[in-house]
Every structure is written in structure tokens, then in C-alpha cells.
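# Breakdown of the fold
If you want the building blocks of each chain, they are given just below.
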Amino acid sequence: MGQVQFISPRIGGDWSMSCRNHQPISLLKMARIWNVPLPVHCQKGLCGTCAVRVTPQGKQQQLCLNAFEKQTLQCLGKLPAMLASDGQKPWKGPYWRLACQCIVGSGDQFFVAF
Ligand code: FES
């Protein structure tokens, strides 16, 4: 079971909510299921509106960026240089991710700040 804790000072002070999923879904879908008001626009990894800071908890996880997410984060200056050439690196975070492209697997645990 994946678990995500959303944290945001942008919506009326510190706010956090823990959400759990049983199947891999995007951070954005998880936020919508739990009524977490993440900013969103294109939902295709192109605009960067849904960029969030993700910190993995527990076991080390792979940072798997698709081409859209990698290009958009690079354009926004939010992709670490070490990841610019290869989006498949051990993931210690925190890193910027696009909520519409970041998949939360059943064993993943994240803190998500926006
Ligand atoms: Fe546009 Fe996620 S909503 S990149």
C-alpha cells in the first residue's frame, strides 16, 4: 500500500493529509480522490502547474521521469543537473515532480509539499 502525506502552507497555514492507495496511481489522481487542492492545468506534463516537492520516505526508490516530465522540469529549472542526462537514478530527494506524471506505487511512501 502506497502512502502520501500532502503538506502545504499555501492554503491557510500548515496543512497535511495522509492518503493511501492500493494500486499505482498518479499523485494528481490521489490528490483528487482525497480532495487535496493541488494546482493543475494541462494534466499532460507540459505546463508545470502541478510541480510539487516530493521527499521519499522509507526504502530508496527509483526516480523514473518520462520524457514530458523531464523536459518540463528542465525548462522550469527544477531538474537537478545530475538527472538531466538520465532520468533513472536512485532517488534520495527531495526533488521536484509533476503531480500529473508522478506515479505512486503500492510500496511508495512520500511527503509532498506544494
Ligand atoms: Fe500541466 Fe501537470 S498539470 S504539467
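Residues numbered from 1 in each chain as written. Predicted model: local features only at pLDDT ≥ 70, side-chain atom pairs only at ≥ 80, totals over all residues. Heavy atoms only, no water.

Counting through the fold element by element, Leu-46 comes out in the loop between helix H1 (27-33) and strand E4 (51-56). For Leu-46, a relative accessible area of 51% puts it in the exposed group. In sequence terms Leu-46 and Gln-101 are 55 residues apart; their C-alpha atoms lie 9.9 Å from each other. (Helix = DSSP H or I, 4+ residues; strand = E, 2+ residues; numbered from the N terminus. Buried < 20%, exposed > 50% of the residue type's maximum accessible area, 1.4 Å probe, protein only.)

With that out of the way, let us pick up the nonpolar core. Counting 27 residues, the largest nonpolar core has Val-4, Phe-6, Leu-27, Leu-38, Val-52, Phe-110 and Val-112 as its most contacted members. It is H1 that contributes the most residues to this core, four residues altogether. (Core = buried A, V, L, I, M, F, W, Y, C linked by side-chain atoms within 4.5 Å.)

What follows covers the side chain of Glu-69. Locating Glu-69 in the fold gives a position in helix H2 (residues 67-75). Residue contacts for Glu-69: discarding those within four places in its chain leaves Gly-45, Cys-64, Arg-97, Leu-98, Gln-101 and Cys-102. (Contact = heavy atoms within 4.5 Å.)

With that settled, the discussion passes to the pattern of salt bridges. Considering all chains together, one arrives at one salt bridge under this definition. Measuring nitrogen to oxygen at the nearest pair gives 2.7 Å for the salt bridge that ties Glu-69 to Arg-97. A residue pair is termed long-range when its members are at least 10 positions apart, and Glu-69 in helix H2 and Arg-97 in strand E7 (residues 95-98) qualify at 28 residues. Residue classification places Glu-69 among the buried positions, given a relative accessible area of 0%. Under the relative-accessibility criterion, Arg-97 is labelled buried at 3%. (Salt bridge = Lys/Arg side-chain N within 4 Å of Asp/Glu carboxyl O.)

Okay, the pairing of E4 next. Where E4 lies against E7, four bridges are found, and the strand directions are antiparallel. The partner of Arg-53 across the bridge, within E7, is Trp-96. Note: E4 against strand E9 (residues 109-113), four bridges, orientation antiparallel. Directly across from Thr-55, in E9, lies its bridge partner Phe-111. (Pairing = 2+ DSSP bridges.)

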